[in-house]
Amino acid sequence: MNEKIIYVELFQPFSQYRNLFTFYYAQSYPLPPKSTVIGMLQNATDRYYELEFWKLRVSIHGGFESVFWNYQQLIKGYVEVDSKLKVINQGKLLYNEGIKAQRTPVHQQELFNGHLYFFIKGPKEIVDEIHYALEKPNKILSLGRSEDVVYIRKVLDINPKNIETKTVKKNIWLTYPTYIKLKANGKRFPIKNEKFPVYSIPVRVEFWNDGKPVKNKAEINKKTERKVCFETVIYTGLDYVVYLSKEVKVETFKINLNGKNLIFKIPSEFGWL
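Overview of the structure. Source: prediction; values computed, not measured.

About the cut-offs
Residues numbered from 1 in each chain as written. Predicted model: local features only at pLDDT ≥ 70, side-chain atom pairs only at ≥ 80, totals over all residues. Heavy atoms only, no water. Helix = DSSP H or I, 4+ residues; strand = E, 2+ residues; numbered from the N terminus. Rg over C-alpha atoms; globule rule 2.2 N^0.38 Å. Buried < 20%, exposed > 50% of the residue type's maximum accessible area, 1.4 Å probe, protein only. Contact = heavy atoms within 4.5 Å. Areas by Shrake-Rupley, 256 points an atom, 1.4 Å probe, with all protein chains shown as cover. Lys, Arg positive; Asp, Glu negative; His and termini not counted. Charge placed at Lys NZ, Arg CZ, Asp CG, Glu CD. 1 Å grid on protein atoms, 1.4 Å probe; cavity = no way out; pocket = protein on both sides within 12 Å on 5 of 7 lines; lining within 4 Å. Points joined across faces, edges and corners; volume = space filled by probe spheres on them. Nonpolar A, V, L, I, M, F, W, Y, C, P; charged D, E, K, R; others polar. Pairing = 2+ DSSP bridges. Axes fitted to C-alpha atoms, helices over the stretch in contact; angles between N-to-C directions.

## A look at the overall build of the protein chain
Thinking step 1. Looking only at helices and strands, one finds 2 helices and 18 strands in the protein chain.
Thinking step 2. In terms of overall size, the protein chain behaves like a compact globule, its C-alpha atoms giving a radius of gyration of 21 Å where 273 residues would be expected to give roughly 19 Å.
Thinking step 3. Taken along its principal axes, the extent of the C-alpha atoms in the protein chain is 65 × 40 × 40 Å.
Thinking step 4. Burial status across the protein chain gives 47% buried among its 273 residues.
Thinking step 5. The long-range share in the protein chain, meaning contacts at least 24 apart out of those at least 6 apart in sequence, stands at 77%.
Thinking step 6. When the accessible surface of the protein chain is totalled, it reaches about 15,700 Å², and 51% of it is carbon and sulfur.
Thinking step 7. Within the protein chain, one finds 42 positive and 28 negative side-chain charges whose respective centroids are separated by 4 Å.

## Digging into empty space enclosed by the protein
Thinking step 1. Following the criterion strictly, the structure yields 1 cavity of 30 Å³ or more and no others.
Thinking step 2. Of the voids in this model, the largest cavity is the one considered here, and its volume is about 40 Å³.
Thinking step 3. Around the largest cavity, the lining residues are H61, W173, L174, T175, Y176, I263, F264 and K265.
Thinking step 4. When contributions to the lining of the largest cavity are tallied by element, the ones reaching two or more residues are β9 (171-174) and β18 (260-267).
Thinking step 5. Looking at side-chain class alone, the lining of the largest cavity contains 5 nonpolar, 2 polar and 1 charged residues.

## As for the sheet that holds strand β17 (residues 248-257)
Thinking step 1. What the 3 strands build is an open sheet, ordered β8-β17-β18; its pairing is antiparallel. Each having just a single partner strand, β8 (164-168) and β18 make up the two edges of the open sheet. Shown here is a sheet whose adjacent strand axes are inclined to one another by a mean of 30°, direction ignored.
Thinking step 2. In this structure, β17 lies alongside β18, joined through 8 bridges in antiparallel fashion. Residue pairing in the sheet places K254 in a bridge with I263 of β18.

What follows is the structure, encoded as structure tokens:
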């Protein structure tokens, strides 16, 4: 199969990547999970819910300048419009002077000023389509919530000849925070550090109606089945050194922009989601 890799650099002023395993407060993942990135790419190309996009492999790097907590009242359940064109929720008016739909007060962890770098690898036809859609977007793009807009700063084709692949025996020095899979192909990532942060992130989200994949947002209803696959990943910090107990292959990408060299290191088996 003819594969291609592109580099995507973007800026995101605000964000919240909801950790589905937090209930009494809404924790954010420190970086967008693969499912969130793929969702943005499906939106950018107008190929919503396209299952072919899950074949793409993504390596996610970057971070945010600060983290803060926001207090919000969230609406429970579905919001609908009745026959009188009134907005209701759980049988009650969403907006009303008297009794109205229930709100739940929640503390939400939010991220501020994100500098994100993605490497996207997959079939050339799809990756070329993504490259064009991101370089010349026909809409305002978001990553995560619909209000969390992103600004695409750069999209570059990666020449395979410029990828340096070598076997590393002792440690990997990572400039930017990233996700590394804890297990791949039946093997555990040979990290020597005894303590490291771990997250279970969604890497694939599909919507199905009666055994058929949803192809349009209008097809989603209360009976739609949502299938989510999770991956356990290690989250590395800024200028993080990963000490190894066994050797691993590492791909090094050197991006030169405006005279500035950016270096990204991706463990071949474990760094691609």
